[in-house]
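# Working through the structure, step by step
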Amino acid sequence: MRLKRLLGVSVMLLALAGVAVAAGSQLTNVSVASEGTSTVMTLQTTGAFTHNEYRPADNLMLVDLTGVSAGKLQERVRSLDAAGVKSYRVLSYTGTNGTEVTRVELALVPGTDVQVEKQDSGLNLKITP
């Protein structure tokens with residue numbers, strides 16, 4: 001009986017630790033820098049994630065970071081004076097499978113090209129008008 005109880009507690013602790021690790025990734029910074037005639041945005045995270053990009057309109061790009069919490073950047077809106085990008089907004093939602101998703105919405109200048117490159121701790125977006 002003691003062994004079963006000990007095993008049950010151990011399994012419960014391992015499950016909770018797994019959930020804590022899975023939910024541990026967070027968006028920590030959004031930085032913007034000029035690089036020649038382009039703008040480079042870096043989305044920095046604290047851990048593993050997957051991402052998807054969408055271009056529902058020529059002047060809008062959505063970047064979803066699945067498994068990432070928005071943290072202190074939740075509801076951040078920034079107007080930018082940068083080549084190709086007018087502003088960005090950070091928000092979060094829960095996906096259909098219950099996973100937390102942080103979305104970065106980019107208001108772009110029409111005709112802008114965006115190249116996305118995944119890094120170990122985030123994404124680099126090279127925005128060229």
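Note that the coordinates shown come from a computational prediction; the quantities given were computed from them, not determined experimentally. (Residues numbered from 1 in each chain as written. Predicted model: local features only at pLDDT ≥ 70, side-chain atom pairs only at ≥ 80, totals over all residues. Heavy atoms only, no water.)

### Brief notes about the overall build of the protein
A count of helices and strands for the protein gives one helix and nine strands. Mapped from its N terminus to its C terminus, the protein presents α and β elements in the order α-β-β-β-β-β-β-β-β-β. Across the 129 residues that make up the protein, the buried fraction comes to 33%. Summarising the internal contacts of the protein: among those between residues at least 6 apart in sequence, 50% fall at separations of at least 24. Taken as a whole, the protein presents about 7,800 Å² of accessible surface, with 54% of it coming from carbon and sulfur. (Helix = DSSP H or I, 4+ residues; strand = E, 2+ residues; numbered from the N terminus. Buried < 20%, exposed > 50% of the residue type's maximum accessible area, 1.4 Å probe, protein only. Contact = heavy atoms within 4.5 Å. Areas by Shrake-Rupley, 256 points an atom, 1.4 Å probe, with all protein chains shown as cover.)

### Notes on the pairing of strand β7 (residues 100–108)
Counting buried positions over the nine residues of β7 gives seven, a clear majority of the element. Pairing of strand β4 (residues 60–66) with β7 involves seven bridges; the strand directions are antiparallel. Pairing of Leu 60 across the sheet is with Ala 107, part of β7. Here nine bridges tie strand β6 (residues 85–94) to β7, and the two strands are oriented antiparallel to one another. Residue pairing in the sheet places Val 90 in a bridge with Val 104 of β7. In this structure, the hairpin formed by β6 and β7 is closed by a connection of five residues, where Gly 98 is found at a positive phi of approximately 90°. (Pairing = 2+ DSSP bridges.)

### A word on the nonpolar core
One finds Leu 27 and Leu 43 to be the most contacted residues of the largest nonpolar core, which totals 22 residues. Every element with two or more residues in this core is listed here: β1 (27–35), β2 (38–45), β4, β6, β7 and β9 (122–128). Dropping the residues within four chain positions of it, Leu 43 is found in contact with Leu 27, Asn 29, Val 30, Val 63, Leu 65, Val 104, Ser 121, Gly 122, Leu 123 and Leu 125. (Core = buried A, V, L, I, M, F, W, Y, C linked by side-chain atoms within 4.5 Å.)

### A closer look at the sheet that holds β9
Here we have four strands laid out as an open sheet, ordered β1-β2-β9-β8, and antiparallel in their pairing. Strands at the two margins of the open sheet, each flanked by one partner only, are β1 and β8 (113–119). Taking each pair of neighbouring strands and ignoring which way they run, the sheet shows an average axis angle of 15°. Sheet topology note: the β8/β9 ladder contains seven bridges and is antiparallel. Its bridge partner lying in β9, Glu 117 is registered against Asn 124. (Axes fitted to C-alpha atoms, helices over the stretch in contact; angles between N-to-C directions.)

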